[in-house]
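Chain by chain, the residues run as shown.
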Amino acid sequence: MNVVAGTSAAGARLTPLLENSLIALLERLRLQSLRKATSRGRGDHLAGRGGASTDFADYRDYTPGDDLRFVDWNIFSRLERPYLKLFRREEERHLVIVIDASRSMAFEGKFARAKELAAALAVTGLHGNDRVSVWTSGGAGEACRLPPVRGRASLRRAFTAIEGITAASGTQPLEQGLANVMARHRGRGLVVVLSDFLTEGDLKRSLNLLAAAGLEPACLQLLGPTEIDPDVTGDLRLVDCENAGVLDVSAAGDLLTLYQDHRLRYQQQLAQWCSARSGRFLPLSSADEPRNVIGMLRRAGWLA
């Protein structure tokens, strides 16, 4: 018997990225959308526009050119005005998972944690009958690691694709990688970006591209514990792992106050940018175990 989800009879792990018990929990959870962004293919999600099904949704005024088959003649006979019956249309939703593969993600396990969370989200998407794809961005170039697939039978394929993503080593800016992904992706729905978002580029424009493509942005920022709460003193020489730039710092204690203020303001800005595009933002630590992150996402309303 082929096991594609849950725990196997022998108790072997389905993937080294996640515990089987966590996979069993994720199978029952679904990513929640803030807006109804779906594609025209047949699926299991209610679209924002009406369509043909047996699920009645609402009425609207008849306009010339509308299909007369959907006119409610009973209402017409009573009110002498034509009204069109609207039905909820079930369509497919794309779940696009983008893993930042820039060099800064190699710090303090951020890249490894991003792969684990990508696998967790893929479980929810495939069991929710989303069309799931996985991309890397910000590395030497964008790459589609998993072309759009759907159905729980594709879970093993998704795990294999994510497991095979190699350690971060590229220097391409995240915003350029996202632009390249959007140039190749087709389909509306959700895009989850797993990144530290440590870039000097125009992320506001990147979020505009995601929204314009019909994708609701969900940004998960992964920072290392010492990036969240640095413990440094004295004189320092800081080296940028992306471009090898050097910055000599004296009186690190004074610098920490400025750093924390900037980090918190930057996170607030990212949250505002996502919210303005009907999206969401959540900062995380790479020290947070996947099970704990799933709990945070449930409490924040991302998963239900």
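Report follows, based on the coordinates. Small disclaimer: the values here were computed from a predicted structure and weren't measured.

Basis of the calculations
Residues numbered from 1 in each chain as written. Predicted model: local features only at pLDDT ≥ 70, side-chain atom pairs only at ≥ 80, totals over all residues. Heavy atoms only, no water. Helix = DSSP H or I, 4+ residues; strand = E, 2+ residues; numbered from the N terminus. Buried < 20%, exposed > 50% of the residue type's maximum accessible area, 1.4 Å probe, protein only. Contact = heavy atoms within 4.5 Å. Areas by Shrake-Rupley, 256 points an atom, 1.4 Å probe, with all protein chains shown as cover. Axes fitted to C-alpha atoms, helices over the stretch in contact; angles between N-to-C directions. Parallel < 35°, antiparallel > 145°, perpendicular 65-115°, else oblique. Left-handed = near helix turned anticlockwise from the far one by under 90°. Nonpolar A, V, L, I, M, F, W, Y, C, P; charged D, E, K, R; others polar. Patch = residues over 30% accessible without salt bridge, like charges linked within 9 Å, V, L, I, M, F, W, Y side chains within 5 Å. Salt bridge = Lys/Arg side-chain N within 4 Å of Asp/Glu carboxyl O. Pairing = 2+ DSSP bridges. Right-handed = clockwise from strand over helix to strand, strands pointing away. Polar contact = N/O pair within 3.5 Å; in protein donor to acceptor, adjacent residues only side chain to side chain. Phe/Tyr/Trp six-rings, centres within 6.5 Å; stacked < 30°, edge-to-face > 60°. Lys NZ or Arg CZ within 6 Å of the ring centre and 35° of its normal. Expected span 1.5 Å × (residues − 1).

Counting its regular elements, the protein contains nine helices and ten strands. Per-residue burial for the protein yields a buried fraction of 47% across its 304 residues. Sequence separation of 24 or more characterises 74% of the internal contacts of the protein that already satisfy a separation of 6 or more. A total accessible area of about 15200 Å² is found for the protein, and carbon and sulfur atoms account for 51% of it.

Attention shifts here to the packing of helix 3 (residues 110-127) against helix 9 (residues 290-299). Two elements in contact, helix 3 and helix 9, have axes separated by 10 Å at closest approach and are oriented at 55°. When the axes of helix 3 and helix 9 are compared, the pair comes out oblique. Pair helix 3 / helix 9 crosses with right-handed handedness. In contact with R113, E116, L117 and A120 of helix 3, helix 9 contributes P290, V293 and I294. Among the residues forming the contact of helix 3 with helix 9, the class breakdown is five nonpolar, no polar and two charged.

Together, L68, W73 and F76 make up a nonpolar patch on the protein surface, roughly 310 Å² of accessible area in all. If you trace the backbone, F76 turns up in helix 2 (residues 73-79).

Counting buried residues in strand 3 (residues 94-100) gives seven out of seven residues, a clear majority hidden from the surface. By the alternation rule, side chains of strand 3 split into H94, V96, V98 and D100 and L95, I97 and I99, which are all buried. Relative to strand 4 (residues 131-137), strand 3 is paired through seven bridges, and the arrangement is parallel. Pairing of D100 across the sheet is with S137, part of strand 4. Since strand 3 and strand 4 lie parallel, the crossover through helix 3 that links them has a hand, and here it is right-handed. As paired elements, strand 3 and strand 6 (residues 189-195) share six bridges and run parallel to each other.

Here we come to the side chain of R280. Mapping R280 onto the fold places it in strand 10 (residues 280-285). Within the structure, R280 has its side chain in polar contact with the side chain of E216 (distance 3.4 Å). Residues contacting R280, with those up to four places away along its chain left out, are Q32, S33, L34, L190, E216, P217, A218, C219, C274, G301 and W302.

So, about the pattern of salt bridges. The tally for this structure, following the rule as stated, stands at eight salt bridges. Residues K110 and E227 are paired through a salt bridge, measuring 3.0 Å at the closest nitrogen-oxygen approach. Of this pair, K110 sits in helix 3 while E227 sits in helix 7 (residues 225-228), and the two are 117 residues apart along the sequence. Grouping residues by exposure puts K110 and E227 together as buried. Via salt bridges that share partners, K110, D196 and E227 belong to a single interconnected network.

Now for the environment of V98. One can find V98 in strand 3. V98 sits in the buried class, given a relative accessible area of 1%. Sequence-distant contacts of V98, that is, excluding residues within four places in its chain, are made with W135, S137, L178, V191, V192, V193 and L194.

Quick look at the packing of aromatic side chains now. Inspection of every chain in the model, using the stated rule, returns one aromatic pair. Taking the centre distance of 5.7 Å and the plane angle of 85° together, the rings of W73 and F76 count as edge-to-face. Of the two residues, W73 and F76 are both situated in helix 2; the distance of three residues between them amounts to about one turn of the helix. Assessed through its relative accessible area of 48%, W73 is described here as partly exposed. Positioned above the aromatic ring of W302 is the side chain of R280, whose terminal nitrogen or guanidinium carbon lies 5.0 Å from the ring centre.

Turning our eyes to something else, we now look at the environment of L25. Looking at the element boundaries, L25 is found in helix 1 (residues 20-26). L25 sits in the buried class, given a relative accessible area of 18%. For the pair L25 and V123, spaced 98 residues apart in sequence, the C-alpha separation works out to 9.7 Å. If near-sequence neighbours (up to four positions away) are discounted, L25 is found in contact with R291 and R298.

Between the first and last C-alpha of helix 3 there are 26 Å, a value that for 18 residues agrees with the 26 Å anticipated at 1.5 Å per step. The buried fraction of helix 3 is high, at 17 of 18 residues. Within two residues after helix 3, N129 carries a phi angle of roughly 65°, on the positive side.

Further remarks concern unusual backbone geometry. Residue E80 is not a glycine yet carries a positive backbone phi of 60°. On the accessibility criterion, E80 (65% relative accessible area) is exposed. With phi around 60°, S278 is a residue other than glycine that occupies positive phi space. Position of S278 relative to the elements: it lies in the loop between helix 8 (252-276) and strand 10.

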